[in-house]
Amino acid sequence: QVQLVESGGGLVQPGESLALSCAASGSIDTIYAMAWYRQAPGNQRELVAAITIGGTTNYADSVRGRFTISRDNAKNTVYLQMNSLKPEDTAVYYCNADIGPSPAWAKEYWGQGTQVTVSS
C-alpha cells in the first residue's frame, strides 16, 4: 500500500509565497514521474507542474516563472515552491506519483489534497 501525504497549504495574501511538500510512504519500488495538480471550485483538475525521475520539469503556462517543482528521491518527496501567488491560484492542490517496479508496471497514486487560498 502506498500513501501520498501533502502538507504546507494555507491562506496567504497576493504576492506572497507558499511551499508545498508531498511524501510517499509504504511499499515503494521506484517513483517515476511526480506532479502537482490543482482543482478550483467549478473547474476541472489541471496539471500545475511535473518532474521526471531524472529531474526534467514541465509547467503550466499560468505558473511558469512563479512556481518551482523539485524532488528528493532519497526522501521520496516532491516539493512545490509557489511565489508571487495570485488569487487565481486558489485551489485544492493534489500530489500525484507514478510508482512501480518498472515504467510499464507503474501505478498512479494521488494524495488527499491541500487547500491553498490566496486572498487579501
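Criteria and thresholds
Position labels on residues start from 1 in each chain and follow its written sequence. Where totals are concerned, whole chains, interfaces and linings use all residues; where local detail is concerned, this predicted model gives features only for residues with pLDDT of at least 70, and gives and counts side-chain atom pairs only at 80 or more. Based on all heavy atoms of the structure, the side-chain values leave hydrogens and waters out of the count. The rule is short: rings of Phe, Tyr and Trp, with Trp giving its six-membered ring, pair when the centres are within 6.5 Å, and they are stacked under 30 degrees, edge-to-face over 60, tilted in between. Over a ring means this: the NZ of a Lys or the CZ of an Arg is within 6 Å of the ring centre and within 35 degrees of the ring normal. Throughout, a disulfide means two cysteine sulfur atoms within 2.5 Å of one another. Each helix is a run of DSSP H or I of at least 4 residues and each strand a run of E of at least 2, with the numbering of both proceeding from the N terminus. Only protein chains enter the calculation, and the probe is 1.4 Å; a residue is then buried if its accessible area is under 20% of its type maximum, exposed if over 50%, and partly exposed in between. A pair of strands is labelled paired if DSSP reports no fewer than 2 bridges between them. Here a polar contact is taken to be a pair of N or O atoms separated by no more than 3.5 Å, where protein atoms must pair a possible hydrogen donor with a possible acceptor and residues adjacent in sequence count only if both atoms sit in side chains. Contact between two residues is taken to exist if any of their heavy atoms lie within 4.5 Å; hydrogens are not considered.

Glancing now at the packing of aromatic side chains. Counting across every chain of the model gives one aromatic pair. Seen from the ring of Tyr 94, Arg 45 lies directly overhead, with NZ or CZ sitting 3.7 Å from the centre. Its guanidinium or amino end placed over the ring of Trp 110, Arg 45 lies 4.7 Å from that ring's centre, counting from NZ or CZ.

The subject of this paragraph is the state of the cysteines. Counted under the stated rule, the structure contains one disulfide. Between the sulfur of Cys 22 and that of Cys 95 lies a disulfide, 2.1 Å long from S to S. The sign of the -80° torsion about the S-S bond sets the Cys 22-Cys 95 disulfide as left-handed. You can see Cys 22 sitting in strand 3 (residues 18–26) and its partner Cys 95 sitting in strand 9 (residues 91–100), a full 73 residues away along the chain. Like Cys 95, Cys 22 is buried.

Counting buried positions along strand 9 yields eight of 10 residues, so the element is predominantly enclosed. Here strand 9 pairs with strand 11 (residues 114–118) via three bridges, running antiparallel. Following the sheet pairing, Tyr 93 is matched in strand 11 by Thr 114. In the sheet, strand 9 pairs with strand 10 (residues 107–110) via four bridges, with the strands oriented antiparallel. Directly across from Ile 99, in strand 10, lies its bridge partner Lys 107.

With respect to the secondary-structure elements, Arg 71 resides in strand 7 (residues 67–72). Here the side chain of Arg 71 touches Tyr 32 through a polar contact of 2.6 Å, landing on its backbone oxygen. Within the local environment of Arg 71, its side chain forms a polar contact with the side chain of Asn 73, the two groups lying 2.6 Å apart. Residues contacting Arg 71, with those up to four places away along its chain left out, are Ile 31, Tyr 32, Ala 33, Met 34, Ile 51, Thr 52, Ile 53, Thr 77, Val 78 and Tyr 79.

Scope: geometric values only; no functional claims are made or implied.
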